[in-house]
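Residue-level listing of the chains:
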Amino acid sequence: MEDFFTIDMTYSNYHLIFPKIIIGILIAIGAVLLITNLMKRWKSGTLTHFRFKFFSDNYDKVKFYGTILLLIMYAVTMTWIGFVLSSILFMILITLLYIGNIRKKSIVISITNSLATTIVIWYVFGQLFDITLP
Amino acid sequence: MPFLEVLTPLSIALCFLGVFVGIVMGAIPGMTATMAIAIFLPLTYALDMIDSIGLLIGLYVGGISGGLVPAILLNIPGTPSSLCTTFDGYPMTQKGEGEKALKIGITASIVGGFFSLTVLYFFAPFLSSVAIDFSSVEKFLIIVFALTVIASISKGSLLGGIFSGVLGMLVSLIGTFMDNNQTRMIPPGFEDELVYGFSLLPVLIGLFAIGQLLQEAEEGMKAAAHQKIDLQQGKEKNKFRFAIILKQKVNVVRSALLGTFIGMLPGVGGSAASITAYSQAKNFSKKPEKFGTGEPEGLVASESANNGLIGGALIPLLSLGIPGDSTTAILIGAFLLQGIEVGPLFITSNPDLWSGIVIALVVANIVMFILMFFSIRYFAKIVFIPKYIIFPIIVVACVVGSYAINNGIMFDVWTLLLFGVFGYIFPKIGVQIPSFLIGFILGMQAEKYFIDSLKGSGGDLAIFFTNGPVAIGLWVLILGSVIYAIIDNFKSKNSNQQNAM
């Protein structure tokens, strides 16, 4: 950099110029955000009083972590047993998880929902439009 | 008419399908037009551009319009843009005038849609003919302007909004810079997967659909408190007459105009259009005290404004290549998929596509009106589909879409899940998703024009101020929008404090 308003333009460094500026801006804004936040806290006398709550009150642990677990399992099993089987399995399990019980009716609903969706998607995407499926 | 030859029968059929699915998704609370388009985007991969345009425009119009169903029947805006529809729509339902309210909303929607379409048709070619002479300096400044406007509508914190947008830009830069073919910022171990950075589509759907899914899961997938609605009750009172809309003609035009104008401003979302039109209708009304008690006037204002938004939002998209909101941001993705770059040259170099878009909008609006007006009773039932049916379907559709978008790449599915987690975490830590997304979409273009400008000037940054009157004009706009945002931010903070006291 020759001076503040001129940027050194070297061909081999073209790819670094813009990211550097963007990171600079991010740090600057981040710093301002941090300082204003700290000042606000200082004024209201709650500087050391951190109470950041990530989850909402009484969040549904089973459904939340269950969803994350099932999503990961879905992506992993897809490469092993293929799209159709993994989707059917995933949809049955996640529908049951969201209904929240394993009564006969829930099982019927989840299986119907799963089979119908998977077959329709498999047919429309895979067969009709010839789109690659896992 | 050569105009009509542009659309194929398939594209009209797809437009029909798009409107239908759009209405269904818009009617389900929590699903938006944006999500509808994002989920269907992979399907367009197998279609011609003109056919996919029919589908996407149909989804857009249907999705925005469908939002009025739960807004009126359940007091839940189906999409953010039908926020003010609840104010007078729901009280009408409570009075037993649900069906009348729905039909008033639908009629106001189509009028708003056609109004903004006319503005789009005449104004977009003009704007792009001006923009065609822009050099990379002006193009870069337009992107900066778009980013400042996004920040100015950001909820809560102006700086937080800018931070989110810049963060989105940074993430978009991961990968290769095409000018000198060098990679940067790729995390170690992902050199192959991230050579070209994150794919747009999985990022989009992840942030919107999967993020929403995780948030609903956190809240336990609770069913909304639906009550039984009888559309049959109060037959005489419940009857819709076109005279109701005719009486409101000034209101309709004013609201549609406001909606179109607000749609043109990049980043100002649908809820702003609805709120502005509603408050203006109230200001001009002879009986403002009746607003909020089930007055058709307020309903008409909100609905004609939010459909007016569609044509408005397409103006900067098609003439400058700048997405006005998250929905048009996804439309850019659709064009990119087909290898078409949207910008000032778009209309002149793709005349067929341009008329295709216009006609698709006409068709979509008409289909929307016919579908909804005559079968609103059946659409009304959609709001009762439980979430445990909808969300699993959406997940599978998203996964298929992400996987298919680059012809079968598993990493795109992981991208989807990763950005799904981001979409869930971001709102909690104050990063605003729409700003992030628009930054992500515009980031690479911003870099290109920035570097191109500096190449011309040998690295001298003064080029951005000395490149003629247009550049100066753009700086005035940028400064204006920042100043406006600061004042507005200050005002809303003050009023919040007063409310708190």
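Residue positions are given per chain, counted from 1 along the sequence in the order it is written. Whichever chain is written first is A, and whichever ligand is written first is 1; the rest continue in order. Selection of residues for local features in this predicted model requires a pLDDT of at least 70, selection of side-chain atom pairs for listing and counting requires 80 or more, and totals for whole chains, interfaces and linings are taken over all residues.

Looking up chain B in an unreviewed UniProt entry gives the name Putative tricarboxylic transport membrane protein, with the organism given as Lentibacillus persicus.

The name given to chain A in an unreviewed UniProt entry is Tripartite tricarboxylate transporter TctB family protein, and the organism recorded there is Lentibacillus persicus.

*Asks:* Could you give an account of the overall build of chain A, with specific residues and numbers?
*Replies:* Going along the chain from the N terminus, every DSSP run of H or I of four or more residues is numbered as a helix, and every run of E of two or more is numbered as a strand. When its secondary structure is counted, chain A shows 4 helices and 0 strands. Residues counted as buried form 22% of the 134 residues belonging to chain A. In this scheme every C-beta is placed from the backbone, and a residue whose C-beta has 20 or more other C-beta atoms within 10 Å is buried, one with 12 or fewer is exposed, and one in between is partly exposed.

*Asks:* Kindly report on the overall build of chain B, identifying the contributing residues and their values.
*Replies:* Across its full length, chain B carries 22 helices and 2 strands. Looking at the 501 residues of chain B, the share that counts as buried comes to 58%. Here contacts are defined at the residue level, using C-beta atoms placed from the backbone and a cut-off of 7 Å between them. Restricting to contacts in chain B with at least 6 residues of sequence separation, those with at least 24 account for 80%.

*Asks:* How would you sum up the environment of B:A272? Please name residues and give values.
*Replies:* Residue and element names in this part refer to chain B. Here A272 lies in helix α13 (residues 270-284). Judged by the 22 C-beta atoms lying within 10 Å of it, A272 falls in the buried class. Here the alpha-carbon distance between A272 and G105, two residues 167 residues apart in the chain, equals 18 Å.

*Asks:* Before we move on, can you summarise the UniProt feature "transmembrane region" (unreviewed entry) in chain A with the specific residues and values?
*Replies:* UniProt positions are given in the numbering used here, feature names are shortened, and annotations may be inferred rather than shown by experiment. Those residues carrying the UniProt feature "transmembrane region" (unreviewed entry) are residues 21-39, 68-99 and 106-125 of chain A in this numbering. Along residues 106-125 of chain A, the helical share is 100% and the strand share 0%, with 28 Å between the first and last C-alpha atoms.

*Asks:* So what's going on with the interface of chain A and chain B? Residues and values would help.
*Replies:* On the side of chain B, 55 residues touch chain A, which itself brings 50 residues to the contact. Sorting the residues of the side of chain A that touches chain B by element identifies α1 (14-43), α2 (61-81), α3 (83-99) and α4 (104-128) of chain A as the ones contributing at least two each. At 14 residues, the largest contribution of residues to the side of chain A that touches chain B is made by α1(A). Classification convention: Asp, Glu, Lys, Arg as charged; Ala, Val, Leu, Ile, Met, Phe, Trp, Tyr, Cys, Pro as nonpolar; all other residues, Gly among them, as polar. Broken down by class, the residue content of the side of chain A that touches chain B amounts to 33 nonpolar, 13 polar and 4 charged.

*Asks:* Explain the environment of B:G298 to me, and be specific about the residues and the numbers.
*Replies:* All names here are of chain B. Here G298 is to be found in helix α14 (residues 296-320). Along the chain, G298 and F384 lie 86 residues apart, while their C-alpha atoms are 26 Å from each other. Other than its neighbours up to four places away in sequence, G298 contacts C84, F87, D88, Y278, A281 and F291.

*Asks:* Got a sec to walk through the packing of α3(A) against α4(A)? Specific residues and values, please.
*Replies:* All names here are of chain A. Note on definitions: angles span 0 to 180 degrees between N-to-C directions of axes, and those axes are lines fitted to C-alpha atoms, for helices only across the stretch in contact. Between α3 and α4, the shortest axis-to-axis distance is 8 Å and the interhelical angle comes to 145°. For the pair α3 and α4, the sense of crossing is right-handed. Here α3 contributes F83, V84, S87, I88, M91, I92, T95, L96 and I99 to the contact with α4, which in turn contributes S106, I109, S110, I111, N113, S114, L115, T117, T118 and W122. For the contact of α3 with α4, the per-class residue count stands at 11 nonpolar, 8 polar and no charged. Handedness of a helix crossing follows the sense of rotation of the near helix relative to the far helix, less than a right angle counterclockwise being left-handed and clockwise being right-handed.

*Asks:* So, α2(A): which residues are in play, and what are the values?
*Replies:* Side chains three or four residues apart in an α-helix point the same way, a direct result of the helix having 3.6 residues per turn. Residue and element names in this part refer to chain A. In this model, α2 (21 residues) spans 29 Å end to end at C-alpha, consistent with the 30 Å of a helix rising 1.5 Å per residue. Along α2, the positions that sit buried rather than exposed are K63, T67, L71, Y74, A75 and M78. G82 sits one or two residues past α2 and shows a positive phi near 90°. Expected helix span is computed as 1.5 Å times (number of residues minus one).

*Asks:* Which residues make up the domain arrangement of chain A, and what values do they have?
*Replies:* An automatic or database domain assignment supplies the residue ranges for each domain. In terms of domain boundaries, chain A breaks down into domain 1 (1-52) and domain 2 (61-128). Inter-centroid distance (C-alpha atoms) of domain 1 of chain A to domain 2 of chain A is 44 Å.

*Asks:* Go over the packing of helix α10 (residues 200-218) of chain B against helix α19 (residues 410-429) of chain B, please, and point to the residues and values.
*Replies:* Residues and elements named next belong to chain B. In contact at an axis separation of 6 Å, α10 and α19 are set at 55° when each is read in the N-to-C sense. Our classification of the angle between α10 and α19 gives oblique. The element α10 and its partner α19 pack so that their crossing is right-handed. Here P202, V203, I205, G206, L207, F208, I210, G211, L214 and Q215 of α10 come into contact with α19, specifically with D412, T415, L416, L417, L418, F419, G420, F422, G423 and Y424. Looking at the contact of α10 with α19 residue by residue, the class counts come to 13 nonpolar, 6 polar and 1 charged. With respect to orientation, any angle under 35 degrees is reported as roughly parallel, any angle over 145 as roughly antiparallel, any angle of 65 to 115 as roughly perpendicular, and every other angle as oblique.

*Asks:* Quick rundown of helix α2 (residues 9-27) of chain B? Include the residues and the values.
*Replies:* Residue and element names in this part refer to chain B. Between its terminal C-alpha atoms α2 stretches 27 Å, which fits the 27 Å expected from 19 residues at 1.5 Å a residue. Buried residues of α2: S11, L14, C15, F16, G18, V19, F20, G22, I23, M25, G26 and A27, and no others. Those residues of α2 hidden inside the fold are in contact with α3 (33-44), α4 (49-66), α5 (68-74) and α17 (351-382).

*Asks:* Give me the environment of B:P316: which residues, what numbers.
*Replies:* All names here are of chain B. Inspection of the secondary structure assignment puts P316 in helix α14. By C-beta crowding, P316 is classed as buried, having 26 other C-beta atoms within 10 Å. Through-space distance from the C-alpha of P316 to that of L120 is 9.6 Å; in sequence the pair is 196 residues apart.

*Asks:* Lay out the confidence of the model for chain B in plain terms, naming residues and giving numbers.
*Replies:* All names here are of chain B. On a range of 0 to 100, pLDDT expresses the predictor's confidence in each residue. When pLDDT is averaged along chain B, the result is 83; 91% of the residues meet or exceed 70. When pLDDT is averaged over each element of chain B, α19 comes out on top at 92 and helix α1 (residues 2-5) at the bottom at 56. Here the predicted complex scores 0.81 on pTM and 0.90 on ipTM.

*Asks:* Tell me about the confidence of the model for chain A, residues and numbers included.
*Replies:* For chain A, the mean per-residue pLDDT works out to 85, and 90% of the residues sit at or above 70. No element of chain A has a lower mean pLDDT than α4(A), at 88, and none a higher one than α3(A), at 93.

*Asks:* Could you give me a rundown of unusual backbone geometry, with the residues and numbers involved?
*Replies:* All names here are of chain B. You will see that N181, though not glycine, has its phi angle at about 60°, which is positive. The topology assignment puts N181 in the loop between β1 (175-177) and β2 (182-184). One non-glycine residue, M185, lies in the positive phi region at around 60°. For M185, the location among the structural elements is in the loop between β2 and α10.

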